[in-house]
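# Analysis of the macromolecular model
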Amino acid sequence: MSAHKGLNLTLKVWRQQSQKEKGQMETYQVSDISPDSSFLEMMDILNEQLIEEGKEPVAFDHDCREGICGMCSMYINGEAHGPGRGITTCQLHMREFNNGDTIYIEPWRAKAFPVIKDLMVDRSAFDRIMAAGGFVSVNTSGNTQDANAIPIEKHKADQAFDAATCIGCGACVASCKNASAMLFVSAKVSQFALLPQGQVEAKERVQNMVKVMDEEGFGNCSNTGACEVECPKGISLDNIARMNREYLSASIKGE
Amino acid sequence: MSWVKNTFSSSIGRKFAMALSALFLMFFLLQHFAINITSVFSAEVFNDLSHFMGTNPVVQFALQPILIIAVVYHFVMGFVLEAKNKGAREVKYAMNKGQANSTWFSRNMIYSGLVVLAFLALHFYDFWIPEISTKYIDGDMSGLMANGDFRYYEEMVEKFHDPLRTGFYVLAFVLLAMHLLHGFQSAFQSIGARHPKYTPGIKKLGNIFAIAIPAGFIFIALFHHLTSH
Ligand code: HEM
Ligand code: SF4
Ligand code: FES
């Protein structure tokens, strides 16, 4: 253990009892936070402190705490997952902050992601988009072919893999000035559209997923590129251009 | 034809149409600039070109209606998208750092657009309405003044006497440059034209276009303001 100087911080945290009630920012002090701790560990310390004071702890989503589940959804100091690139909140460390800093901690803000409580938001709109087409139907009448028996160009396989690394965290929506879900949906459309197995249903898929995306109340894409910068998995705007092509050609050629 | 309606009322379809209208507007800007710049060198060439554009049936009855539709669609859809996008986030962040992940230009297209719209209103009032009224209401297609010379150069230069008007022209073109610094490459993305080989070039070309064309219009305005008496 390296000797460290603990951080004393002022936290401004969004508190909201339930979806129906109005929320507000509350101010808390935490002291002697190790710079080596993760942001979520700092939140745990805050919550222990609140429990000791007889107050209700801050509700926030988290699960894997290693950057793969996409649950930890905090808007920290004006950025999704805080400062730093290519990371989720659980991968953010307190050494990114300085002693005496004030840190704003807010939930994802989007009409399509209503607040459940405090920092937790309901991201089931993403599930409904997936249910509309984010899959490959396996109609197993006969033997399923071994996937490795189908030749796929290496660069296509790589692009599909990159798109598939999207963890559905919603940072793209949270960062977008329009709360648009284009980066997420385009990653999901692309991971299938790039592969032969996904091409069979490509037209209906993109049309159905975009339809649900629009119905859920996400905004339109202004191509600001904020999503790509804030995405923990580096999902590229190439995917949005691909989805635009897929959608427009499906509109013309589809049933 | 419900597929047409469905497509153009979807988020992607609207942005596609927005981009098409914008691409046409940028093409129009380029040709407008090419004609206007001749006024700096030769009143005669400018007059001849203006007369051609003002009386050629293809320009008047094919390109001009497309232009009007493109302009109106572009700014009406600009407002529609802005309203929908604002509505997609009902509660604002207490702290938001847009500058950390995107350019100011890209986040403020509606404001640069609004200044350009105010400019377009003045521009229509200055040139387009008098043109239409002379040509199609008074029925004078000659393009001539009482002394038998073409009127276009005189009419244009006269507008740039006014320092206020000239100042507003300059301001509007600065805002247009900002609009296009994001808009040019954005239009290509909206229609799905993105490729690792060509996109860097499109972005460079976009920056050149966004600065050179408005700067050229500003030069023309200032030139006539300073040289006409
Ligand atoms: C000569 C005039 C104009 C030109 C050349 C022009 C060009 C462009 C271009 C190239 C784009 C990008 C399109 C895309 O993202 O797909 C754009 C977007 C936009 N324009 Fe214009 N524009 C002009 C006038 C206006 C006016 C008068 C308004 C009035 C409100 C306006 C409002 C907008 C808005 C709000 C967007 C962004 C839409 C979005 O991405 O959400 N523009 N413009
Ligand atoms: S595209 Fe990136 S930011 Fe958006 S949901 Fe997927 S991983 Fe998260
Ligand atoms: S808790 Fe799973 S990604 Fe952060």
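Before reading further, recall that the structure is shown in the block above.
Residues numbered from 1 in each chain as written. Chains lettered and ligands numbered in written order. Predicted model: local features only at pLDDT ≥ 70, side-chain atom pairs only at ≥ 80, totals over all residues. Heavy atoms only, no water.

Turning to the coordination of the iron atom of ligand 1, a few remarks are in order. Residue and element names in this part refer to chain B. The protein atoms that coordinate the iron atom of ligand 1 are His74 (NE2) and His179 (NE2), at distances spanning 2.0 Å. For the iron atom of ligand 1, the 6 donor atoms in the first shell make angles of 87 to 180 degrees at the metal, a pattern classed as octahedral. Within this pair, whereas His74 is found in helix 5 (residues 57-87), its partner His179 is found in helix 9 (residues 163-190), the two being separated by 105 residues in sequence. (Donors = N, O, S within 2.8 Å, 3.2 Å for Na, K, Ca; no water. Tetrahedral: all angles 85-135°; square planar, octahedral: opposite > 155°, others 65-115°. Helix = DSSP H or I, 4+ residues; strand = E, 2+ residues; numbered from the N terminus.)

A separate point is the interface of chain A and chain B. Taken together, the 48 residues of chain A in the interface contact 36 residues of chain B. For the pair chain A and chain B, the summed buried area comes to about 3400 Å², and 51% of that belongs to carbon and sulfur atoms. Summed over the three residues of chain A that lose the most area to chain B, namely A:Arg109, A:Asn220 and A:Asn223, the buried surface amounts to 19% of that side. Where chain A meets chain B, there are 1 salt bridge. A:Asp238 serves as the salt-bridge partner of B:Arg194, at 2.5 Å between the closest nitrogen and oxygen. One can count 27 residue pairs in polar contact (both at pLDDT 80 or more) joining chain A with chain B. (Contact = heavy atoms within 4.5 Å. Buried area = accessible area lost by both parts, 1.4 Å probe. Salt bridge = Lys/Arg side-chain N within 4 Å of Asp/Glu carboxyl O. Polar contact = N/O pair within 3.5 Å; in protein donor to acceptor, adjacent residues only side chain to side chain.)

Attention now moves to the pairing of strand 5 (residues 102-106) of chain A. Residue and element names in this part refer to chain A. The pairing of strand 1 (residues 7-15) with strand 5 spans 4 bridges and is parallel. Bridging from a neighbouring strand, Lys12 pairs with Tyr104 of strand 5. Across 2 bridges, strand 3 (residues 75-76) lies against strand 5 in antiparallel orientation. Bridge pairing in strand 5 places Ile76 opposite Ile105. (Pairing = 2+ DSSP bridges.)

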